[in-house]
Amino acid sequence: KKSGAGDAESGVPDAGVRAKEAVIINKSLSTLGSVVMALARQDAGGGQHVPFRDSKLTRLLQDSLGGSSFTTLIATVHPREADSDETLSTVQFANRCRNVTTHPHVNYLDANP
């Protein structure tokens, strides 16, 4: 029996590459969860380090998550019974994101030096 497409034994060409990509994606998403938790604690009054540099994804989202911009999160879920675990996980993550507050402001450049 063949296993999933990300498994090296699946018979899918470049399955090892896909498995490595999946590991990197999961690490980035895990780091994103850690960043959101740290930002929520920081907003609640804790002075905790926010690990933005731990993945490329969080480094790219640093200005959006902890900066001075408006940020919107869209959580997409599926009502199918088989997806209930992922749906619950997504809703819990979205709920944690609600606790993060940003302080958007407009940056002006002085045109006259």
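It should be emphasised that the depicted structure is a prediction, and the values quoted were computed from it without experimental measurement.

Bringing a positive patch on the surface into the picture now. A surface patch of like charges, here positive, comprises Lys27, Arg53, Lys56 and Arg59. Positionally, Arg59 belongs in helix H2 (residues 56–60).

By the definition in use, this model includes 1 salt bridge. Across the pair Asp83 and Arg80 runs a salt bridge, and its minimum N-O distance is 3.1 Å.

For helix H1 (residues 15–43), with 29 residues, the first-to-last C-alpha span of 42 Å sits near the 42 Å given by 1.5 Å per residue. Inspection of H1 places Ala15, Ser28, Thr31, Leu32, Gly33, Val35, Val36, Ala38, Leu39 and Ala40 among the buried residues, and these make up the whole buried set. Residues of H1 that are buried in the fold lie against H2, helix H3 (62–66) and helix H4 (84–98).

Before going further, it helps to spend a moment on H4. In a regular helix each residue adds 1.5 Å, so 15 residues correspond to 21 Å; H4 covers 21 Å between its end C-alpha atoms and thus fits that length. Buried within H4 we find Thr87, Phe93, Ala94 and Cys97. For H4, the arc enclosing every buried residue in end-on projection is 130°, short of the 170-degree limit, so these residues lie on one face. Considering only its buried residues, H4 is in contact with H1.

Now for the side chain of Thr58. Counting through the fold element by element, Thr58 comes out in helix H2. Thr58 sits in the buried class, given a relative accessible area of 0%. Ignoring any residue separated from it by four or fewer positions in sequence, one finds Thr58 in contact with Thr31, Leu32, Val35, Pro51 and Phe52.

For the protein chain, per-residue confidence averages 83 on the pLDDT scale, and residues scoring 70 or more make up 88% of the total. Taken element by element, the protein chain is modelled with least confidence in H3, mean pLDDT 84, and with most confidence in H4, mean pLDDT 92.

Let's shift gears to the packing of H1 against H4. At a minimum axis distance of 8 Å, the contact between H1 and H4 shows a crossing angle of 35°. The chirality of how H1 crosses H4 is left-handed. Residue-level contacts link Leu32, Gly33, Val36, Met37 and Ala40 of H1 to Phe93, Arg96 and Cys97 of H4. Within the contact of H1 with H4, the residues separate by chemical class into 6 nonpolar, 1 polar and 1 charged.

Here His49 is to be found in the loop between H1 and H2. You can call His49 exposed: its relative accessible area is 63%. Sequence spacing of His49 and Leu39 is 10 residues, and the spatial spacing of their C-alpha atoms is 8.6 Å.

Parameters at a glance
- Residues numbered from 1 in each chain as written.
- Predicted model: local features only at pLDDT ≥ 70, side-chain atom pairs only at ≥ 80, totals over all residues.
- Heavy atoms only, no water.
- Patch = residues over 30% accessible without salt bridge, like charges linked within 9 Å, V, L, I, M, F, W, Y side chains within 5 Å.
- Areas by Shrake-Rupley, 256 points an atom, 1.4 Å probe, with all protein chains shown as cover.
- Salt bridge = Lys/Arg side-chain N within 4 Å of Asp/Glu carboxyl O.
- Lys, Arg positive; Asp, Glu negative; His and termini not counted.
- Charge placed at Lys NZ, Arg CZ, Asp CG, Glu CD.
- Helix = DSSP H or I, 4+ residues; strand = E, 2+ residues; numbered from the N terminus.
- Expected span 1.5 Å × (residues − 1).
- Buried < 20%, exposed > 50% of the residue type's maximum accessible area, 1.4 Å probe, protein only.
- Contact = heavy atoms within 4.5 Å.
- Arc of directions from axis to C-beta.
- pLDDT = per-residue confidence, 0-100.
- Axes fitted to C-alpha atoms, helices over the stretch in contact; angles between N-to-C directions.
- Left-handed = near helix turned anticlockwise from the far one by under 90°.
- Nonpolar A, V, L, I, M, F, W, Y, C, P; charged D, E, K, R; others polar.

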